Amino acid sequence: LGVALFEDLGLPCKKKTKSGYSTNAEVLEGLRSAHPVVEKIMEYRTLTKLKSTYCDGLLKVIDTDGRIHTRFNQVETRTGRISSLEPNLQNIPIRTDMGLKIRECFIAKPGHKIISSDYSQVELRLMAVVAGVKALKEAFNHGIDIHAATAAKVFGVPADQVDHNLRRHAKTINFGVIYGISQYGLAKQLGISADEAKIYIDNYFRQMPEIKAYMEKTIAFAHKNGFVLTPYGRKCFVFGINDKNKRISSNAERAAINAPLQGGAADIIKMAMNQCLWRLQKGGFKTKMLLQVHDELLFEAPDNEVEAIKQLVKETMENVVHFDIPFIAETGSGQNWAEAH
């Protein structure tokens with residue numbers, strides 16, 4: 001492939017390794033506009049990945065009851081999230097139309113529907129809470145589009161002039177900050193210069209200084225104690241935080257910033273699962289909880305229980321959290337997982 005692209009077609013070579021030309025995703029992304037074949041290669045790779053990992057992989061693990069059963073691990077992740085193994089049903093794709101087709105394969109049994117209930121922007125809401133971010137709290141309390149509100153603040157434009165592109169940039173910054181993104185990381189994601197990215201990040205912290213203060217305080221706490229705390233007081237250990245290797249300690253600092261948020265989200269979803277199970281049993285429902293995918297819960301309900309369960313699950317997920325901003329659960333149902341989302 002390298003020879004075909006860089007010698008036969010004469011495309012500019014970005015990266016050469018000992019074994020030849022690099023044709024990884026990053027290289028191809030940079031060549032996307034250089035020749036129409038690059039788009040086709042990327043599409044082919046996406047499809048082969050979907051086929052081998054999901055189509056072929058999942059077909060091999062269908063059980064005698066016609067279903068796929070995963071194993072859950074409570075203690076594998078450092079933030080306390082439940083992980084799914086053999087097969088991992090938490091990484092079934094959703095972002096692309098082709099990926100969604102895989103979710104269409106997970107269907108309810110006859111006379112039943114799949115119900116999906118998903119916390120909306122739970123980590124951003126937790127950032128608003130743990131850092132006491134006035135601007136974010138205001139937006140969440142008034143039901144304002146959080147990414148559009150951020151765009152208006154960071155880029156200094158009136159809210160009604162925030163276009164799709166500015167909103168997309170603001171969304172990347174919002175979620176990037178949660179994971180301790182650097183100016184170089186942001187520049188790469190947005191396809192802008194590092195200097196521009198630095199201006200965006202500086203503006204972001206100027207508009208929401210509480211986030212910067214939260215980060216500094218959390219990093220200092222992690223250096224001193226070797227762990228950070230979720231809003232519920234659970235410890236998340238941060239390995240390598242005091243490592244002499246700067247790269248390791250920097251990665252650990254980013255993990256420390258995110259752990260109270262991801263860990264807090266893990267605490268919330270587990271409380272919601274307990275409450276949902278208790279209410280299903282108490283109500284004598286035949287609905288079964290099937291799967292937890294980070295901030296989403298999946299149920300299989302008999303047709304005559306669907307509406308009642310959607311209401312029950314939404315209420316339970318929203319009322320298990322007691323902070324000064326709402327935590328919203330978005331609920332849907334359908335014949336398959338894709339339809340329910």
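Up top you'll find the structure we're talking about.
In this report, the structure presented in the accompanying data block is examined. If you're wondering where the values come from, they're calculated on a predicted model, not measured in any experiment.

## Here we look at the pattern of salt bridges
- Scanning the model with the defined rule gives 16 salt bridges in all.
- Between R32 and E39 there is a salt bridge, with its nearest N and O atoms 2.8 Å apart.
- The residue R71 makes a salt bridge to E86 at a minimum N-O spacing of 3.1 Å. Here the residue R71 occupies a position in strand 3 (residues 71-73), and E86 occupies one in the loop between strand 4 (83-85) and helix 4 (97-103), the gap between them amounting to 15 residues.
- What makes R71 partly exposed here is its relative accessible area of 45%.
- Given a relative accessible area of 60%, E86 falls into the exposed group.
- Members of the salt-bridge network, linked through shared partners, are E29, R32 and E39.

## Points about the packing of helix 8 (residues 164-178) against helix 10 (residues 194-207)
- Interaxial distance between helix 8 and helix 10 falls to 11 Å at its minimum, and their mutual angle equals 70°. Viewed along their axes, helix 8 and helix 10 adopt a mutual orientation that is roughly perpendicular. Two secondary-structure elements touch here, helix 8 through H169, I173, N174 and V177 and helix 10 through Y200, Y204 and F205.
- Class assignment of the residues belonging to the contact of helix 8 with helix 10 gives a composition of five nonpolar, two polar and no charged.

## Side note on the environment of A272
- You can see A272 is positioned in helix 12 (residues 246-282).
- Here the alpha-carbon distance between A272 and M317, two residues 45 residues apart in the chain, equals 5.2 Å.
- When near neighbours in sequence (up to four residues on either side) are disregarded, A272 contacts Y119, T316, M317 and V320.

## Points about the packing of helix 11 (residues 209-225) against helix 12
- Across the interface, helix 11 lies against helix 12 with an axial gap of 9 Å and an inter-helix angle of 105°. Between helix 11 and helix 12, the angle is such that the two are roughly perpendicular. Only E253, A256, I257, P260 and L261 of helix 12 make contact with helix 11, whose side of the interface consists of Y214, M215, T218, I219, A222 and H223.
- When the residues that make up the contact of helix 11 with helix 12 are grouped by side-chain class, the tally is eight nonpolar, two polar and one charged.

## With respect to the side chain of S117
- Following the sequence through the fold, S117 ends up in strand 5 (residues 112-119).
- What makes S117 buried here is its relative accessible area of 0%.
- A polar side-chain atom of S117 sits 2.9 Å from a polar atom in the side chain of T331.
- Every residue in contact with S117, bar those within four places of it in the chain, is listed here: D295, E296, L297, V313, M317, A329, E330 and T331.

## Things to note about helix 7 (residues 146-155)
- Burial analysis of helix 7 places eight of its ten residues in the buried class, which makes it a mostly covered element.
- Within the sequence span of helix 7, burial applies to I146, H147, A148, T150, A151, A152, V154 and F155.
- Buried residues along helix 7 sit in contact with helix 5 (122-130), helix 6 (134-141), helix 8 and helix 10.
- Of the residues that open helix 7, the one with a side-chain oxygen 3.0 Å from the backbone nitrogen of H147 is D145.
- Just past helix 7, the residue G156 takes up positive phi, approximately 65°.

## Thoughts on the nonpolar core
- Judged by nonpolar contacts, the single largest core of 63 residues is most densely connected at Y119, M127, L136, I211 and F327.
- Sorting elements by how many residues they give to this core places helix 12 first, with nine residues.
- Apart from the residues within four sequence positions on either side, L136 is in contact with L124, M127, A128, I146, T150, M208 and I211.

## As for the sheet that holds strand 9 (residues 296-302)
- With antiparallel pairing, four strands are arranged side by side in an open sheet as 8-9-5-10. Among the strands making up the open sheet, the edge pair consists of strand 8 (288-293) and strand 10 (329-334). Here the strands of the sheet are splayed against their neighbours by 20° on average, with no regard to which way each runs.
- Pairing of strand 8 with strand 9, which is carried by five bridges, proceeds in the antiparallel orientation. Residue pairing for strand 9: K288 is matched across the bridge by E300.
- On the sheet, helix 12 packs against strand 5, strand 8 and strand 9 and is oriented at approximately 15° with respect to strand 9.
- Relative to the sheet, helix 13 (residues 306-319) contacts strand 5, strand 9 and strand 10, its axis offset from that of strand 5 by approximately 20°.

## Comments concerning the packing of aromatic side chains
- Taken as a whole and judged by the stated rule, the model has eight aromatic pairs.
- Consider the rings of F6 and Y21, whose centres lie 5.1 Å apart with planes at 40°: the pair is tilted. With a gap of 15 residues between them, F6 in helix 1 (residues 2-8) and Y21 in strand 2 (residues 20-21) connect regions that are remote in the sequence.
- Taking relative accessible area as the criterion, F6 reaches 8% and is therefore assigned buried.
- Consider the rings of F323 and F327, whose centres lie 5.8 Å apart with planes at 45°: the pair is tilted.

About the criteria used
Residues numbered from 1 in each chain as written. Predicted model: local features only at pLDDT ≥ 70, side-chain atom pairs only at ≥ 80, totals over all residues. Heavy atoms only, no water. Salt bridge = Lys/Arg side-chain N within 4 Å of Asp/Glu carboxyl O. Helix = DSSP H or I, 4+ residues; strand = E, 2+ residues; numbered from the N terminus. Buried < 20%, exposed > 50% of the residue type's maximum accessible area, 1.4 Å probe, protein only. Axes fitted to C-alpha atoms, helices over the stretch in contact; angles between N-to-C directions. Parallel < 35°, antiparallel > 145°, perpendicular 65-115°, else oblique. Contact = heavy atoms within 4.5 Å. Nonpolar A, V, L, I, M, F, W, Y, C, P; charged D, E, K, R; others polar. Polar contact = N/O pair within 3.5 Å; in protein donor to acceptor, adjacent residues only side chain to side chain. Core = buried A, V, L, I, M, F, W, Y, C linked by side-chain atoms within 4.5 Å. Pairing = 2+ DSSP bridges. Phe/Tyr/Trp six-rings, centres within 6.5 Å; stacked < 30°, edge-to-face > 60°.

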